[in-house]
Amino acid sequence: MNNVLKSGFTLAEVLITLAIIGVIATITIPALIGNVDSQKNKAAMKVAYSNIAQAIKLLQLDGFIFTDNSHFMDALSSKMNYSKKCTSSNSLGNCWSSNSDIYAGLDPVSIGDSIVLNNGQFIGIAQGVDPSTDSDYKGDAVLMVDSNGIKPPNKICQDIFYLVYYQDKYLVKPPHDGKVLVGLDEISPTCDGSWINN
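Every chain is numbered independently, its residues counted from 1 as its sequence is written. Where totals are concerned, whole chains, interfaces and linings use all residues; where local detail is concerned, this predicted model gives features only for residues with pLDDT of at least 70, and gives and counts side-chain atom pairs only at 80 or more. Side-chain measures here rest on the full set of heavy atoms in the structure, leaving out hydrogens and waters.

Per the convention used, a helix needs a DSSP run of H or I reaching at least four residues, while a strand needs a run of E reaching at least two, with both numbered from the N terminus. For the chain, the helix and strand inventory stands at two helices and eight strands. Ordered by position from N to C terminus, the α and β elements of the chain give α-α-β-β-β-β-β-β-β-β. A burial count over the chain gives 38% of its 198 residues as buried. It only takes one pair of heavy atoms within 4.5 Å for two residues to be counted as in contact. If you take every contact in the chain between residues at least 6 apart in sequence, the share linking residues at least 24 apart comes to 57%. Roughly 11200 Å² of accessible area belongs to the chain as shown, and the carbon and sulfur atoms make up 57% of that amount. Each residue is placed in one exposure class: buried if its accessible area under a 1.4 Å probe, protein chains only, is under 20% of its type's maximum, exposed if it is over 50%, and partly exposed if it falls in between. Methods summary: accessible areas were calculated by the Shrake-Rupley approach with a probe of 1.4 Å, and residue burial reflects only the protein chains presented.

This next bit is on the state of the cysteines. We call a pair of cysteine sulfur atoms a disulfide when they lie within 2.5 Å. Per the stated rule, a full pass over the model turns up one disulfide. A disulfide bridge connects Cys-86 with Cys-95, and the sulfur atoms are separated by 2.2 Å. Here the S-S torsion is close to 90°, and the disulfide linking Cys-86 with Cys-95 is therefore right-handed. The exposure classification of Cys-86 matches that of Cys-95, with both residues buried.

What follows concerns the sheet that holds strand β5 (residues 160-166). Strands are treated as partners if at least two bridges between them are detected by DSSP. Spatial strand order, β1-β2-β3-β4-β5-β6: six strands in an open sheet with antiparallel pairing. Every other strand in the sheet has two partners, leaving β1 (82-86) and β6 (171-173) as the edge strands with one partner each. Ignoring strand direction, the axes of neighbouring strands in this sheet form an average angle of 25°. In terms of strand pairing, strand β2 (residues 111-117) meets strand β3 (residues 122-126) through four bridges, oriented antiparallel. Bridging from a neighbouring strand, Val-116 pairs with Phe-122 of β3. In this analysis an axis means a line fitted to C-alpha atoms, helices contributing only their contacting stretch, and an angle means the value between N-to-C directions, from 0 to 180 degrees.

Attention now goes to helix α1 (residues 11-62). An α-helical turn contains 3.6 residues, so any two residues separated by three or four positions project in the same direction. Between its first and last C-alpha, α1 extends 75 Å over 52 residues, near the 76 Å set by a 1.5 Å rise per residue. Helix geometry: α1 is bent most strongly at Ala-25, by close to 25°. Of all the positions in α1, only Asn-41, Ala-44, Met-45, Ala-48, Ile-52, Ala-55, Ile-56 and Leu-59 are classed as buried. On its buried side, α1 packs onto α2 (69-78), β3, β4 (141-146), β5 and β6. Of the residues flanking the end of α1, it is Gly-63, one or two places downstream, whose phi is positive at about 80°. Expected helix span is given by 1.5 Å per residue-to-residue step, counting one fewer step than there are residues. By definition, a residue's bend is the angle between the axes fitted to the seven residues ending there and the seven starting there.

Given below as structure tokens:
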């Protein structure tokens, strides 16, 4: 009788190896997905920023003079491809969701005149901020941009960003220190605008 030793893995060894792989996958895959989503949101915000900056350059060529938020939003929207336009009285439920839970950290009355771009992004005037007198802004208008529209996470500094418009320079950029105030509530103390450079 030949005694042949067969080499191989036992069932227990295979199951232990699969369990270890499963634990590692459970830990790493959500982080990878979160990073991919973050990069998608930043890329979408760069697209929105570019579109807004181009529209503002066209306003400059037309000799646009800022008078108030509504006038600014009308002029800005005339230079952009949008599918829907809303006034401050009907923005919620038309251009922005009327579900108050969907925009975590936002005061619903802070959304003014708005447009929905053809690519699904939302752009609106942030109400409750007077950038001409508020030392945190020192600009003319504050825009709120949801870079992926109604899709989650709908959170400040993840897919909702603020941009300040400066009439004297025909320039739009994030608030200088990243602090975003709506009404009396500071809702975004850590949104530093680094998405522009990353």
